Amino acid sequence: MDANHPSQSIQVVFNGAAETLKGTVTISELLILKQLPINAIAIVVNDEVLPRSRWNHVICHQYDRINVFSAVAGG
Amino acid sequence: MNTLSAKQYIQYSRTMLLNDIGEAGQLAIINSQVAIIGLGGLGQLVVQYLAAAGVKQFILLDHDVVALDNLPRQLLYNEADIGQYKVTAAKRTLRRLYSDIYFDAIPEMLTETSISELSDELSKDVLIFDCTDNFASRHVINQHCVTQGLTLISAAISAYHGQLFCIDFGAKITHEKQHGCYRCLYPLDIETNQTCSQQGVLGPAVGVMASMQALIGLQHICNTFTQYGMLLRFDALTLEWHQAKMNRDQQCTLCQQPQLQEYAHGC
């Protein structure tokens, strides 16, 4: 979990769109930035589900592909 | 059943032409037991596909009744069924088509209590299809499958978003293949208004997800399925599929995965 330098920018792909993040940003911080409801989504990083208990601890890295899966329950 | 009748050879010939299924796979389908929980948009199609494919023993569980606004996507029912339990209407219609199939129709609400009372029926060798329409039921089903070591095929859809996965909780799995469970994906406090009644849905989109459930079920029964622990997401607007490997939440208190411990100790 290497932190980026505060002035360093990284490029990620968030829901299919390129995004520039400055400094060290955790998944939780990214979701706050995007104003997403944490108890209504799943997060997929580089094609793997990242359990919610890890969101505070995992930092976004250069070229990460981050996707939000909205929780659905209908049938 | 150990052998197929002459009629069954003809009836299921297209299935058996698939090299990796053959007669052995068709016999596995015929000898399988399936529980479909939720007989709405998903479940009513899953049961039709599996019955047509040759499954002979079904448990159908749903406390809901047929309503007029179900009919555009729940093709097993018609206006004459309105007000009747879905499991009763489904059983009656399907028995007309397949007189040799056993349907145990249970018109009960799914709760932790009711599912524990059904533990004899929903036990080993019964393939579980989660076709319900709410998170509470999905968590109850997940808990039962994890604790009983069952295989769960779960699908959900609301508006244009469908999701689907299959996990075999009875399999001995290696450390690298910890899939987790539904609670690892969506913790118990999951909260959203993403249901069909609130968000709307198109009938064929529900049909896509139900068809995938039935397809995975037949593949699992025939031992041709390989994508356990893979979450599939369907965007019914762009027609795109995404997939993601499910991972166990190390803090999940449910899926301690005794099979995993057993496997680790056995090595």
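Criteria and cut-off values
- Residues numbered from 1 in each chain as written.
- Chains lettered and ligands numbered in written order.
- Predicted model: local features only at pLDDT ≥ 70, side-chain atom pairs only at ≥ 80, totals over all residues.
- Heavy atoms only, no water.
- Helix = DSSP H or I, 4+ residues; strand = E, 2+ residues; numbered from the N terminus.
- Rg over C-alpha atoms; globule rule 2.2 N^0.38 Å.
- Contact = heavy atoms within 4.5 Å.
- Areas by Shrake-Rupley, 256 points an atom, 1.4 Å probe, with all protein chains shown as cover.
- Lys, Arg positive; Asp, Glu negative; His and termini not counted.
- Charge placed at Lys NZ, Arg CZ, Asp CG, Glu CD.
- Core = buried A, V, L, I, M, F, W, Y, C linked by side-chain atoms within 4.5 Å.
- Buried < 20%, exposed > 50% of the residue type's maximum accessible area, 1.4 Å probe, protein only.
- Salt bridge = Lys/Arg side-chain N within 4 Å of Asp/Glu carboxyl O.
- Pairing = 2+ DSSP bridges.
- Buried area = accessible area lost by both parts, 1.4 Å probe.
- Polar contact = N/O pair within 3.5 Å; in protein donor to acceptor, adjacent residues only side chain to side chain.
- Nonpolar A, V, L, I, M, F, W, Y, C, P; charged D, E, K, R; others polar.
- Expected span 1.5 Å × (residues − 1).
- Axes fitted to C-alpha atoms, helices over the stretch in contact; angles between N-to-C directions.
- Parallel < 35°, antiparallel > 145°, perpendicular 65-115°, else oblique.
- Left-handed = near helix turned anticlockwise from the far one by under 90°.
- Phe/Tyr/Trp six-rings, centres within 6.5 Å; stacked < 30°, edge-to-face > 60°.
- Lys NZ or Arg CZ within 6 Å of the ring centre and 35° of its normal.

Visitor: I'd like a rundown of the overall build of chain B, residues and numbers included.
Guide: Each helix and strand counted, chain B has 11 helices and eight strands in total. Here the C-alpha radius of gyration of chain B, 18 Å, is about what a compact globule of 267 residues would show, namely 18 Å. Taking all contacts inside chain B whose residues are at least 6 apart in sequence as the whole, residues at least 24 apart take part in 65%. Of the accessible surface of chain B, which amounts to about 12,400 Å², a share of 52% is contributed by carbon and sulfur atoms. Charged side chains in chain B number 17 positive and 25 negative. The centres of these two groups are separated by 6 Å.

Visitor: Please provide a residue-by-residue account of the nonpolar core, values included.
Guide: Residues and elements named next belong to chain B. Counting 47 residues, the largest nonpolar core has Ile36, Val47, Phe58, Leu60 and Phe129 as the members making the most contacts within it. Aside from chain neighbours lying at most four places away, what touches Phe129 is Val34, Ala35, Ile36, Ile37, Val46, Leu50, Ile153, Gln213, Ala214 and Gly217. By size, the runner-up hydrophobic cluster in this structure holds 39 residues, among which are Ile106, Ile128, Ile167 and Ala244.

Visitor: Tell me about the pattern of salt bridges, and please be specific about residues and values.
Guide: By the definition in use, this model includes eight salt bridges over all chains. Note that Lys245 of chain B and Glu48 of chain A form a salt bridge whose closest N and O atoms lie 4.0 Å from each other. Of this pair, Lys245 of chain B sits in strand 8 (residues 240-245) while Glu48 of chain A sits in strand 4 (residues 48-50), each in a different chain. Judged by relative accessible area, Lys245 of chain B falls into the partly exposed class, the value being 25%. Close ionic contact of Lys56 of chain B with Asp100 of chain B constitutes a salt bridge, the shortest N to O distance being 2.9 Å.

Visitor: Help me get a handle on the pairing of strand 5 (residues 65-70) of chain A, residues and values and all.
Guide: All names here are of chain A. Relative to strand 5, strand 1 (residues 9-14) runs parallel, the two being bridged by two bridges. Its bridge partner lying in strand 5, Val13 is registered against Arg65. As defined by bridge partners, strand 3 (residues 41-45) adjoins strand 5 across five bridges and the pair is classed as antiparallel. Considered in strand 5, the bridge of Ile41 is made with Ser70.

Visitor: Residue-level account of the interface of chain A and chain B, with values.
Guide: Of the residues lining the interface, 19 residues belong to chain A; the matching set on chain B comes to 37 residues. Each partner contributes to the roughly 2,200 Å² buried at the junction of chain A and chain B, and carbon and sulfur atoms together form 57% of this total. Seen at the junction of chain A and chain B, the total is two salt bridges. Counting across the interface, chain A meets chain B through 14 residue pairs in polar contact (both at pLDDT 80 or more). Among the residues forming the side of chain A that touches chain B, the class breakdown is 11 nonpolar, five polar and three charged.

Visitor: How would you sum up helix 4 (residues 41-53) of chain B? Please name residues and give values.
Guide: Residue and element names in this part refer to chain B. Compared with an ideal rise of 1.5 Å per residue, which puts 13 residues at 18 Å, helix 4 spans 19 Å between its outermost C-alpha atoms and is within 8% of the ideal. Across the 13 residues that make up helix 4, a large majority, 10, are buried. Those residues of helix 4 that sit buried are Gly41, Leu42, Gly43, Gln44, Leu45, Val46, Val47, Leu50, Ala51 and Ala53.

Visitor: Got a sec to walk through the packing of helix 4 of chain B against helix 10 (residues 203-221) of chain B? Specific residues and values, please.
Guide: Residue and element names in this part refer to chain B. Two numbers describe how helix 4 lies on helix 10: the axes approach to 8 Å, and their chain directions differ by 40°. Here helix 4 lies oblique to helix 10, going by the angle between them. Handedness of the helix 4/helix 10 crossing: right-handed. For the pair helix 4 and helix 10, the contacting residues are Gly41, Leu42, Leu45, Val46, Tyr49, Leu50 and Ala53 in the first and Val206, Gly207, Met209, Ala210, Ser211, Gln213, Ala214 and Leu218 in the second. Its residues placed into classes, the contact of helix 4 with helix 10 shows 11 nonpolar, four polar and no charged.

Visitor: An account of the environment of Thr253 of chain B is needed here, citing residue identities and associated values.
Guide: Residues and elements named next belong to chain B. Within the secondary structure layout, Thr253 lies in the loop between strand 8 and helix 11 (258-266). For Thr253, a relative accessible area of 61% corresponds to the exposed category. Linking Thr253 and Gln143, residues 110 residues apart in sequence, is a C-alpha distance of 11 Å. A distance of 3.4 Å separates polar atoms of two side chains, one belonging to Thr253 and the other to Arg183.

Visitor: Any chance you could break down the packing of aromatic side chains for me, citing the residues and the numbers?
Guide: All chains considered together, the criterion is met by six aromatic pairs over all chains. Ring centres 4.8 Å apart and planes at 85° place the aromatic pair Phe225 of chain B and Tyr228 of chain B in the edge-to-face group. When its relative accessible area of 12% is taken as the criterion, Phe225 of chain B is described as buried. On the basis of relative accessibility, which here comes to 23%, the residue Tyr228 of chain B falls in the partly exposed class. Joined through ring pairs, the aromatic side chains of Phe135, Phe165, Tyr182 and Tyr186 of chain B make up one cluster. Geometry around Phe69 of chain A places Arg233 of chain B over its ring, the cationic atom sitting 4.8 Å from the centre.

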